[in-house]
Amino acid sequence: MLSLDAPSSVDTASGEVYEPAIEAAATLTLALPKEGLRGDRAKEHVGELYLADIGVPPELYARPSIGLEVGPVFAADDLLRIW
C-alpha cells in the first residue's frame, strides 16, 4: 500500500500513531519532510519514505509567518528517496 503525504492515523508533527493505523509499504510525502514521520513508532507505518516536489517556491517558506530557510531541495530531481 502507498500512502500519500502520511499514513492515516500517523500524526505528522509528533509521530504519535493512533489506532487503527495504516502500515504502508511506502509513503510519498509532499513539499517538505514531516518531522513526525521520522519517529520510531511512525517509521513502522511509513515504510520507504519519498519526498515529492509540488512546486512550492522557496521564497514562500521564507516569509515571516513561516520563517523557514529552504535551500534547493529538489535541485537534482523532483522525487527524492529519504529512506
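Residues numbered from 1 in each chain as written. Predicted model: local features only at pLDDT ≥ 70, side-chain atom pairs only at ≥ 80, totals over all residues. Heavy atoms only, no water.

Asks: Can you walk me through the packing of aromatic side chains in this structure?
Replies: Following the criterion strictly, the structure yields zero aromatic pairs and no others. Its guanidinium or amino end placed over the ring of Trp83, Lys43 lies 4.6 Å from that ring's centre, counting from NZ or CZ. (Phe/Tyr/Trp six-rings, centres within 6.5 Å; stacked < 30°, edge-to-face > 60°. Lys NZ or Arg CZ within 6 Å of the ring centre and 35° of its normal.)

Asks: Hey, could you run me through the sheet that holds strand E1 (residues 2-4) in this one?
Replies: Within a beta sheet, neighbouring strands are joined by backbone hydrogen bonds and run either parallel or antiparallel to one another. Pairing is mixed in the open sheet, where four strands are placed in the order E1-E2-E3-E4. Since the sheet does not close on itself, it has two edges, and those belong to E1 and strand E4 (79-81), each with one partner. In this sheet, neighbouring strand axes are inclined to one another by 20 degrees on average, regardless of whether the strands run parallel or antiparallel. Two elements, strand E2 (residues 26-30) and strand E3 (residues 48-52), share five bridges in a ladder whose sense is parallel. (Pairing = 2+ DSSP bridges. Helix = DSSP H or I, 4+ residues; strand = E, 2+ residues; numbered from the N terminus. Axes fitted to C-alpha atoms, helices over the stretch in contact; angles between N-to-C directions.)

Asks: Explain empty space enclosed by the protein here, please?
Replies: The gaps of empty space that remain are located by a probe, the size of a water molecule, rolled over the atoms. Going through the model one piece at a time under the given rule, you end up with one cavity of 30 Å³ or more. Roughly 30 Å³ of volume is contained in the largest cavity. If you trace the largest cavity, you find it lined by Thr29, Pro33, Lys34, Leu37, Arg38, Leu49, Ile82 and Trp83. A per-class count over the lining of the largest cavity returns five nonpolar, one polar and two charged. (1 Å grid on protein atoms, 1.4 Å probe; cavity = no way out; pocket = protein on both sides within 12 Å on 5 of 7 lines; lining within 4 Å. Points joined across faces, edges and corners; volume = space filled by probe spheres on them. Nonpolar A, V, L, I, M, F, W, Y, C, P; charged D, E, K, R; others polar.)

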